[in-house]
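# Working through the structure, step by step
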Amino acid sequence: MTSPYGPGLRHSYAEDIYAFLIGCSLIVMGLMCLHKAGLVTGGVAGIALLLSYLLPVTPGNLFTLINIPFLLFAIRAMGPQFAFKTTFASFGITVLSSLLPAIMTLSYIQPLFAALFGGTVIGMGILSLARHQAGVGGTGVITLWLQKSRGLNAGRVQIMIDAAILAASAFFLPWEKAVLSAISAFAMSSVLVVFHRPGRYIGH
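Conventions and cut-offs
Each chain carries its own residue numbering, running from 1 in the direction its sequence is written. Per-residue local features of the predicted model are confined to residues with pLDDT of at least 70, and side-chain atom pairs are confined, for both listing and counting, to 80 or more; whole-chain, interface and lining totals are unaffected and use all residues. Neither water nor hydrogens contribute to the side-chain values; these are computed over all heavy atoms in the structure. Only DSSP runs of H or I reaching four residues or more are called helices, and only runs of E reaching two or more are called strands; each is numbered from the N terminus. The buried label goes to any residue with under 20% of its type's maximum accessible area, the exposed label to any with over 50%, and the partly exposed label to all in between, with areas taken from a 1.4 Å probe on protein chains only. The contact definition used throughout considers only heavy atoms, calling two residues in contact when any of these lie within 4.5 Å. Using a 1.4 Å probe, the Shrake-Rupley method yields the accessible areas, and only the shown protein chains count as cover for residues. UniProt positions are given in the numbering used here, feature names are shortened, and annotations may be inferred rather than shown by experiment. Without a salt bridge and with relative accessible area above 30%, a residue can belong to a patch; like charges are then joined within 9 Å and nonpolar side chains (Val, Leu, Ile, Met, Phe, Trp, Tyr) within 5 Å. What makes a salt bridge here is a side-chain nitrogen of Lys or Arg within 4 Å of a carboxyl oxygen of Asp or Glu, nothing more. Angles shown run from 0 to 180 degrees and are taken between the N-to-C directions of axes, each axis being a line fitted to C-alpha atoms and, for helices, limited to the stretch in contact. Two helices that cross are described as forming a left-handed crossing if the nearer one is turned anticlockwise from the farther one by less than a right angle, and a right-handed crossing if clockwise. When residues are grouped by polarity, Ala, Val, Leu, Ile, Met, Phe, Trp, Tyr, Cys and Pro land in nonpolar, Asp, Glu, Lys and Arg in charged, and all others, Gly among them, in polar. Fitting one axis to the seven residues ending at a residue and another to the seven starting there, the bend at that residue is the angle between the two axes. To estimate how far a helix should reach, multiply one less than its number of residues by 1.5 Å. What qualifies as a polar contact is a pair of N or O atoms within 3.5 Å, subject to a donor-acceptor requirement within protein and to the restriction that residues adjacent in sequence count only when both atoms come from side chains. Geometric relationships in this document are graded by angle, where less than 35 degrees denotes roughly parallel, more than 145 denotes roughly antiparallel, 65 to 115 denotes roughly perpendicular, and other angles denote oblique.

## Here we look at the overall build of the protein chain
Along the backbone of the protein chain there are 8 helices and 0 strands. In the protein chain, which comprises 204 residues, the share counted as buried stands at 45%. If you take every contact in the protein chain between residues at least 6 apart in sequence, the share linking residues at least 24 apart comes to 77%. Surface exposure of the protein chain reaches about 11,100 Å², of which carbon and sulfur atoms provide 72%.

Here is the structure:
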C-alpha cells in the first residue's frame, strides 16, 4: 500500500537545531528530576548520575566527560556526520545543564514521579535527537557498533549494560532508590521501544 505521506523530507539545519534544543533540554530536565530524587537510570545518563553522588561535579558535566571516548569511537564506528551531530548534542547537554538551574529549580519531587517522569523525558529527548540522525553517545554507540559489526542485537546489549549500571548502583543507593532507578530505566527504554520504530517516521 502506498504511503499517503509521500517520500520522506530531509530536515533543514534550522529544524535540526530546534530538535537538538528540545532533545537536550528534555534530557537535562530529566537528569535534574532524577538527581533531586537521588536516583539513577540506564545508559551514560545513569553512569553520570551515579558518579555525581560520589564526585562534586554536576550530572550534565559528567555526562559530557564520560562521553568523550565514546564520541571519538563514534567517528570511526558510525561515520563523521553521526559523530558530529552526537558531539554537538553532547556539548549542548553540558551547556544547558549549566543554564537550566538558573532558570528553574526543584525544591522537592516525589521519588516515584521522578522515576517515571525523569526516565520518560530523557527517553523523549533521546528520541528527538534520534529522529534527526544524532545520539547522545555513550553506550548507545557501542550497542549500535556491536549490532553492525558482530550481529548482536542492540536492544538486548543495551538491556545488559543497563542491568550492570543498576546493579552497581545498588551498592551505593538504598534498596528503595535502586528499585525506583530500575523503574526510571524502564520508562526511558519504553519510550524508544514504543515510538522509535521503522516506518513510524518519514523525515530524515
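## Remarks on the UniProt feature "transmembrane region" (unreviewed entry) in the protein chain
Per the UniProt annotation, the sites labelled "transmembrane region" (unreviewed entry) are residues 17-34, 62-79, 86-106, 112-130, 151-172 and 178-195. With 100% helix and 0% strand, the stretch residues 112-130 has end C-alpha atoms that lie 27 Å from each other. Between the end C-alpha atoms of residues 178-195 there is a gap of 26 Å, over a span that is 100% helix and 0% strand.

## So, a nonpolar patch on the surface
A cluster of nonpolar side chains, Leu 54, Leu 55, Phe 171 and Phe 172, forms an exposed patch at the surface whose accessible area comes to about 470 Å². Looking at the secondary structure, you find Phe 171 in the loop between helix H7 (154-169) and helix H8 (175-195).

## A short note on the packing of helix H5 (residues 111-130) against H8
With their axes 7 Å apart at the nearest point, H5 and H8 run at an angle of 35 degrees to one another. Helix-helix and strand crossings are classified by hand; for H5 and H8 the assignment is right-handed. Taken together, the residues of H8 that come into contact with H5 (itself represented by Pro 111, Leu 112, Ala 115, Leu 116, Gly 119, Thr 120, Ile 122, Gly 123, Met 124, Ile 126 and Leu 127) are Leu 180, Ile 183, Ser 184, Ala 187, Met 188, Val 191, Leu 192 and Phe 195. Here the residues of the contact of H5 with H8 sort into 15 nonpolar, 4 polar and no charged.

## Quick word on the pattern of salt bridges
If you walk through the whole model with that rule in mind, you get 1 salt bridge. Close ionic contact of Asp 16 with Lys 85 constitutes a salt bridge, the shortest N to O distance being 3.6 Å. Of the two residues, Asp 16 is situated in helix H1 (residues 13-37) and Lys 85 in helix H4 (residues 80-103); the sequence distance between them amounts to 69 residues.

## Considerations on helix H3 (residues 59-78)
Of all bends in H3, the biggest is about 45 degrees, found at Ile 68, and the proline Pro 69 comes one to four residues later. Residues of H3 that are buried: Pro 59, Gly 60, Leu 62, Phe 63, Thr 64, Ile 66, Asn 67, Leu 71, Ala 74 and Ala 77. After H3 finishes, the residue Gly 79 shows a positive phi value of roughly 100 degrees.

## Here we look at H5
Between its terminal C-alpha atoms H5 stretches 28 Å, which fits the 28 Å expected from 20 residues at 1.5 Å a residue. The N-capping residue of H5, defined by a side-chain oxygen 2.9 Å from the backbone nitrogen of Leu 112, is Gln 110.

## Section: the environment of Ile 27
By secondary structure assignment, the location of Ile 27 is in helix H1. Residue classification places Ile 27 among the buried positions, given a relative accessible area of 1%. Residues Ile 27 and Gly 119 lie 92 residues apart in sequence; the distance between their C-alpha atoms is 8.9 Å. Contact partners of Ile 27, with chain neighbours within four places excluded, come to Ile 93, Val 121, Ile 122, Gly 125, Ile 126, Leu 129 and Val 136.

## Points about the packing of H3 against H4
Remark: H3 packs on H4, axes separated minimally by 9 Å, with the N-to-C direction vectors making an angle of 175 degrees. Put simply, H3 runs roughly antiparallel to H4. Where H3 abuts H4, its residues Gly 60, Asn 61, Phe 63, Thr 64, Asn 67, Leu 71, Ala 74, Ile 75 and Met 78 lie against Pro 80, Phe 82, Ala 83, Thr 86, Thr 87, Ser 90, Phe 91, Ile 93, Thr 94, Ser 97 and Ser 98.

## Quick notes on the environment of Ile 47
Its place among the elements puts Ile 47 in helix H2 (residues 43-52). Spatially, the C-alpha atoms of Ile 47 and Leu 166 are 9.1 Å apart, while their sequence positions differ by 119 residues. Contact partners of Ile 47, with chain neighbours within four places excluded, come to Ile 66 and Ile 165.

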